[in-house]
Each structure stands twice: as structure tokens, then as C-alpha cells.
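If you want the building blocks of each chain, they are given just below.
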Amino acid sequence: IKETGDIKPLTDIVSDTISYLSYRDYQNFDEKYIKIIYFTLLNRYRDLKVYSEKEVKEGFVDLFIERNSESAKYSILIELKYLKKTEEDKASVYLEEGKEQIERYITDKRIDKDSLRKYVIVFVNDKYILEEVF
């Protein structure tokens with residue numbers, strides 16, 4: 001992650017972790033549980049600072065991973081969405097909504113856009129759609 005800014009390998013681990021949850025775990029399940037899994041996995045990197053619900057000019061970024069040293073080449077902004085299996089057909093709508101949110105978030109002058117990679121990730125249970133926003 002810190003060298004490439006590619007969030008897919010980590011998202012595969014998150015997806016795999018979620019796949020082991022029981023149907024009882026899915027009761028009242030939402031994106032905050034997914035965010036906590038990411039947060040836990042990312043906190044082991046000392047050259048990255050991980051923020052949950054980072055306040056920016058136009059809202060709150062679900063996960064903001066800020067490079068904390070020169071060894072990390074990228075900061076990463078992630079907008080997460082979680083849909084229940086019954087809502088799977090709305091995934092493209094949520095993907096577009098996430099992109100729009102990111103476009104608003106990056107208007108904040110405190111965010112260094114030169115080294116920033118931006119992602120929307122829509123989970124439907126343990127499956128996901130990941131799209132980088134350019």
C-alpha cells in the first residue's frame with residue numbers, strides 16, 4: 001500500500017475476513033464494521049496515519065490514509081458503501097454517489113492532491129466493487 005497506493009490487495013483481505021462472518025454477525029451490519037477492519041489492518045504501518053471519518057471542508061471521509069514519512073509515496077482517500085444482498089441492484093448508484101462525495105472532499109485545500117489516490121468501494125456482504133477515482 002505505502003509504495004503503490006493500490007488498495008485492492010488489502011480490500012481482498014477485508015473481503016476474505018468478512019466472508020467468515022455468520023448470518024448473526026450481519027444483523028445490523030453496516031459500513032462502520034468494514035471500516036474498522038480496514039482501520040485495524042492499516043494501523044500496523046507506522047509511516048501511515050489512518051483517520052476514520054476525517055472532517056474535510058465538504059463532509060467526512062470514511063477512511064483517510066495519510067503518508068507520514070517519505071517511505072510512503074501516497075495518501076489514500078476511501079469512500080465506503082455497504083449494501084445488503086437485497087439492495088445489490090443499487091450498487092452503481094452508490095458507486096456514483098461515492099465518486100461525487102470524493103469530488104467534494106478533495107476541494108479541501110488541506111489535502112495534498114499530488115500524492116493522493118482516491119477510491120470508492122461498494123461492498124455487498126463480502127463481495128465488492130472497487131473503483132479508483134481519477
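Before any of the text, the structure's been laid out above.
For the structure given in this document, a descriptive report is provided here. (Residues numbered from 1 in each chain as written. Predicted model: local features only at pLDDT ≥ 70, side-chain atom pairs only at ≥ 80, totals over all residues. Heavy atoms only, no water.)

1. Side note on the overall build of the chain
Here is the rule: Numbering goes from the N terminus for both helices and strands, where a helix is a DSSP run of H or I of at least four residues and a strand is a run of E of at least two. Each radius of gyration reported is based on C-alpha atoms, and the globular scaling rule is 2.2 Å times the count of residues to the power 0.38. Exposure classes here rest on a 1.4 Å probe applied to the protein chains alone. A residue is buried below 20% of its type maximum, exposed above 50%, and partly exposed in between. Note on definitions: a residue-residue contact is assigned when non-hydrogen atoms from the two residues lie within 4.5 Å. Areas reported here follow the Shrake-Rupley algorithm with a probe of radius 1.4 Å; residue values treat only the protein chains shown as occluding.
Secondary structure summary: the chain contains 3 helices and 5 strands in total. Ordered by position from the N terminus, the helices and strands of the chain form the series α-α-β-β-β-α-β-β. Taken over the C-alpha trace, the chain has a radius of gyration of 14 Å; the compact-globule value for 134 residues is 14 Å, and the two agree within 12%. Principal axes of the C-alpha set define a box for the chain whose edges measure 40 × 30 × 20 Å. The buried share of the chain, reckoned over its 134 residues, is 43%. Residue pairs at least 24 apart in sequence account for 59% of intrachain contacts in the chain once pairs closer than 6 positions are excluded. Of the roughly 7,700 Å² that the chain leaves accessible, carbon and sulfur atoms contribute 49%.

2. Comments concerning the sheet that holds strand β5 (residues 127–133)
This is how it is decided: A pair of strands is considered paired only if DSSP assigns at least 2 bridges between the two. Axis definition: a line fitted to C-alpha atoms, limited for helices to the stretch in contact. Angles are taken between N-to-C directions and run from 0 to 180 degrees.
The 5 strands are arranged β1-β2-β3-β4-β5 in an open sheet whose pairing can be described as mixed. Here the strands that pair on one side only, and so sit at the sheet edges, are β1 (48–56) and β5. Taken over all neighbouring pairs, the strand axes of this sheet differ in orientation by 25 degrees on average, direction set aside. Strand direction decides the pairing type here: strand β4 (residues 116–124) and β5, joined by 7 bridges, are antiparallel. Following the sheet pairing, valine 122 is matched in β5 by isoleucine 129. Contacting β4 and β5, helix α1 (residues 8–19) runs over the sheet at an angle of about 160 degrees to β5. On the sheet, helix α2 (residues 31–42) packs against β1, β2 (59–67), β3 (75–83) and β4 and is oriented at approximately 150 degrees with respect to β3.

3. Considering the nonpolar core
Definition in use: Side-chain atoms within 4.5 Å are what join buried Ala, Val, Leu, Ile, Met, Phe, Trp, Tyr and Cys residues into a set we call a nonpolar core.
Counting residues in hydrophobic clusters, the biggest one holds 23 residues, and the most contacted among them are Ile7, Ile34, Tyr38 and Phe123. If you list the elements that add at least two residues to this core, you get α1, α2, β1, β2, β3 and β4. Setting aside its immediate chain neighbours within four residues, tyrosine 38 contacts Ile7, Leu10, Thr11, Val14, Leu63, Leu80, Ile121 and Phe123. Residues Val56, Val61, Phe64 and Val122 belong to the second largest nonpolar core, which totals 16 residues.

4. Quick notes on the packing of aromatic side chains
Both the distance between ring centres and the angle between the ring planes are used here to describe each pair of aromatic rings. How we decide: Each pair of aromatic rings taken from Phe, Tyr and Trp, with Trp reduced to its six-membered ring, is defined by centres within 6.5 Å and is described as stacked if the planes are under 30 degrees apart, edge-to-face if over 60, and tilted in the remaining cases.
The final tally for this structure, using the stated rule, is 5 aromatic pairs. An angle of 20 degrees between the planes, with centres 5.4 Å apart, marks the rings of phenylalanine 29 and tyrosine 33 as stacked. With a relative accessible area of 6%, phenylalanine 29 lands in the buried category. Residue tyrosine 33 is classed as partly exposed on the basis of its relative accessible area of 37%. Centroid distance phenylalanine 29 to tyrosine 82: 4.9 Å. Interplanar angle 70 degrees. Geometry classified as edge-to-face.

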